[in-house]
Amino acid sequence: LAQVVGMSDVPPRRGLKLCGASLCCFAGVLKRSRPTGAEVSPQRVMDASTISSELVAAATSEYLDADEEAQFVDSDASPSNRSPKASAICRTLTGNVTRIALTEERGISLKQLRGVLQHIRDNAPTWVDTHKGTTDNPNPNYGKALNWKDVNLYQAMKHFLKPVTEEAKCSYVELVAVAAQAPHWFCSHWWGEPVSDFVECIATHAELRMLKDSSAYWVCAYANNQWDLGSEIASDPAKSSFRRAIDLSDGTLSIVDRGATVFSRIWCGFEVATTIVYGEAKLYDIATVHPESGRGVVITDGVTSADFDEAKGRVDLAHEIKSRREALFPIQLTQRALDIRIEKAEASMELDKVRILNRIATSSTLDEVPPVDCEEYQRVNRSLHGIFATAAFRQALEAGVVESLNLPAVLRRSGVSRIGMSFAGCRAMNQENLKIFCGCWPPGLEVVKLDFTANSILSFDALGEALADQTGLNSLRLAFTGSKQLADSTGLLVGISKLEELETLTLRFTNCKELVKAGLRGALKNLKKLDVLTCSFTKCRNLEVSSLEDSLEHLDGLTKLRLDFSGCVGLADFGFFRSIATMGRLQILELKCNNSAKGVGFKETAEAIAHHPVLTKIDLQFSNCDEIIDVDSLGASLKTLPAAENLDFDFSNCRFLVSVAGIAGALGNMKKLELLSVNCHNCPKLRVTGPPQQVVLDSVQKYSLVISSCKALLNVDGFGVAAMPSARSVTIALTGCRQVQSVDCITQALSTCRELSTLDLQLTNTKISSLSATAAALQGLPLRKLTVAGAGCSDLTQVEPLGSLLPSFPLRELNVTFGGSRALSNLPALFAGLKEVSNGAPLHKIAITFKGLEVAPEWEVVRTWEELEVACAVE
């Protein structure tokens, strides 16, 4: 192919490696045939990573002999001295240049970086180390072949990046990109680290931040045009491409080499200073490679998306995960980082150092001799020291080196505005070390997030005293989950009561079984600016909080209130819930009192939420509360809430609940309602849901009605729905309701759900006799997931209409259960529908159960599914 397109001097080679180079040549010819000035099409013959790895590797390694390769990568060799073959390869690569005018938009993706690394891996054995070292420190590897794992960016620049961009005189990114690639993150690093370590750090960071392979990082070596650095790097560092790229990015990632040399480089210091001292709301992460495992380790600015994902949304666990992974950061690098002095940093060009230091020092001119020392230098130093001290504190505590690293003093003078640490399960965090930790906080903190889960500390009074001094604090999150020896938190709450600027407060005392006195009496009444309050006392069996009313009634500025007293069996009075009536700005209310006493407080709560014009979300969880008989008071209040968008009620296992008519009767007034969930599972005395209704739920997107195992229930007419035009997900669970004969009053509305993608009908062990009306309502719907459970429905005779509809749905998951429904007839029609489902539908998973029926299964249906690699479960 190369000979056909004009490179007749290239000898044919054996093997498949010729394919990459040939395609490279062919793509170059195709591109050169474009009319002058034509834009680069997104539908490129090659993608960026292919150009920068397989094709380039094939071109340089396979076309050239060893001596020609050496000439090609020698940066001192002029184009006229190169062989015709080397020049041809350069012409091929530079035929794909995409000019990107703004340097700050030349980010490089992880995919493209891996291409660079692959090229280094393939070609490093043919490259020679040309660095002689110094007289005092000669390079022992001078003149030897390079190991790809050790190739640094200086060497990659000499042997690859500059030769491949020389003819086009462009940046490397312009060679491999199809369009501008605005950066998500800015990379601050030292060129002397191995490229393999750099790529490993980027890959780990991208995984933690849940970035795609196409997400771009700004790296100076690849973004700047190495043939015209004068125009890329302005005389004023604040106007350089570096600074502009930082401004464009979400944050800065410092990649620390194994010797921590990065912090001795002036440009790296400027980049960090710009981010953590002078930047506006920029994130700052730090990454390195673990010396033993070779895997990336990242200290992140806050909890990452991957942490939350691993913790399945549990905030406290996410903080613990973050703390655990950051504990792997090498302590020796932390120690070196604590010695950083930006005024001592070095630069390849002395003028760069002069200008950067003057810029940091806010000198009048950039080229004057910078000050030897100044407050601005120390501000940068303290900020960086504080970040490392905070990240390393737990690790140092467990290693017993807090004092030897001087972390208390470092933290006190750091000036950091946020402290976030997890001491979950940390045995070293005892009463004495708690005092040391609380004594080293810097003044002026704005955010404190601490996790003391599963500790043996008896008193947190020291923590309360430290908090009392932080009068400017606006966000506080404390977790004491499983602190089994904690009996009194009064001292802690006294400290919190001093925080008059506080806007967000979260306290978690879950499973503190010995906690008796929460110290809440009047503790919150001075927090006039409090906007969000979250308190969890789950399973605090001995808790006394009757005095909470003294605090809540003063919080009239709250917009979000979340209280959890589940399992607090010792509580006898929930009268403090009446205080909710004074919170005129309340938008979100979440109250959980599952398994707590006898359900006292429900009536007070239901009456208190009336006439809250801005209340949009109500989540009430009162399962296993025996004294709840009806919800009429709640229904009366709901009628006064026109702005409600989200209603979630759980009254499961309330053994004496007779009626939920109050809720059903209020739904017609809620024109903005988007989510409705009612759970009355296993309420054995529940007989009716209210008088027949035909409500129109215009805005509801998710509808869930769970009234399973309610053996006395006669019908669900009270939840009758005429239309749900916006619904995307509908769940109706009536399993074990042995007297219910029909769900048509709800399913008739399905015909209006033109966007319905998920339907779950749980009708097991009911008196349902026909699904004809339900099937008729489903015609033409875009269902992707369908579950129909009708096992044990002794009166059910016809499912044929459902079977005939199945092929019309774009199903990805289907679950059908009719085991034990012995009255079923005409099952072949259902099997015909099941068989046809596999024809053209993107089906991924199917489960069918007909156990106990006298019917011959059509096994060819199952074989068809297996051939299509559909996950089958057949019984």
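Further up the page is the structure itself.
Definitions and limits used
- Residues numbered from 1 in each chain as written.
- Predicted model: local features only at pLDDT ≥ 70, side-chain atom pairs only at ≥ 80, totals over all residues.
- Heavy atoms only, no water.
- Helix = DSSP H or I, 4+ residues; strand = E, 2+ residues; numbered from the N terminus.
- Buried < 20%, exposed > 50% of the residue type's maximum accessible area, 1.4 Å probe, protein only.
- Pairing = 2+ DSSP bridges.
- Salt bridge = Lys/Arg side-chain N within 4 Å of Asp/Glu carboxyl O.
- Axes fitted to C-alpha atoms, helices over the stretch in contact; angles between N-to-C directions.
- Parallel < 35°, antiparallel > 145°, perpendicular 65-115°, else oblique.
- Contact = heavy atoms within 4.5 Å.
- Nonpolar A, V, L, I, M, F, W, Y, C, P; charged D, E, K, R; others polar.
- Left-handed = near helix turned anticlockwise from the far one by under 90°.

## Comments concerning the environment of Asp250
Piece 1. With respect to the helices and strands, Asp250 occurs in the loop between helix 11 (241-248) and strand 4 (251-255).
Piece 2. Taking the relative accessible area as the measure of exposure, Asp250 reaches 44% and is therefore partly exposed.
Piece 3. C-alpha separation for the pair Asp250 and Phe186, spaced 64 residues apart in sequence, amounts to 8.0 Å.

## Remarks on the sheet that holds strand 2 (residues 185-188)
Piece 1. An order of 1-3-2-4-5-6 is seen for the six strands of this open sheet, with the pairing classed as mixed. Two strands lie at the open edges of the sheet, namely strand 1 (108-109) and strand 6 (296-299), each paired on one side alone.
Piece 2. Here four bridges tie strand 5 (residues 283-289) to strand 6, and the two strands are oriented antiparallel to one another. Of the residues in strand 6, the one forming a bridge with Ile286 is Ile299.

## Quick word on the pattern of salt bridges
Once their charged atoms are close, side chains differing in charge can pair, the charge on each being opposite to the other.
Piece 1. Overall, the coordinates contain 23 salt bridges when judged by the stated rule.
Piece 2. Glu200 serves as the salt-bridge partner of Arg295, at 3.5 Å between the closest nitrogen and oxygen. Here Glu200 lies in helix 8 (residues 195-208) and Arg295 lies in the loop between strand 5 and strand 6, a separation of 95 residues in the sequence.
Piece 3. Arg295 gets classed as exposed once you look at its relative accessible area, which sits at 52%.
Piece 4. Relative accessible area serves as the criterion here: at 22%, Glu200 is assigned to the partly exposed category.
Piece 5. Through salt bridges with shared partners, one network takes in Asp307, Lys322, Arg325 and Glu326.

## Some points on the packing of helix 12 (residues 266-276) against helix 17 (residues 375-399)
Piece 1. Two elements in contact, helix 12 and helix 17, have axes separated by 10 Å at closest approach and are oriented at 80°. As far as their axial angle goes, helix 17 and helix 12 are roughly perpendicular. Two secondary-structure elements touch here, helix 12 through Val272, Ala273 and Ile276 and helix 17 through Val380, Ser383, Leu384 and Ile387.
Piece 2. Split into classes, the residues belonging to the contact of helix 12 with helix 17 amount to six nonpolar, one polar and no charged.

## Things to note about the packing of helix 5 (residues 110-123) against helix 8
Piece 1. For the pair helix 5 and helix 8, interaxial distance at closest approach is 10 Å and the crossing angle is 155°. One finds that helix 5 runs roughly antiparallel with respect to helix 8. Here the hand of the crossing between helix 5 and helix 8 comes out left-handed. Facing helix 5, whose interface residues are Leu110, Leu113, Arg114, Leu117 and Ile120, helix 8 presents Val195, Ser196, Phe198, Val199, Ile202, Ala203 and Ala206.
Piece 2. Of the residues that constitute the contact of helix 5 with helix 8, the class distribution is ten nonpolar, one polar and one charged.

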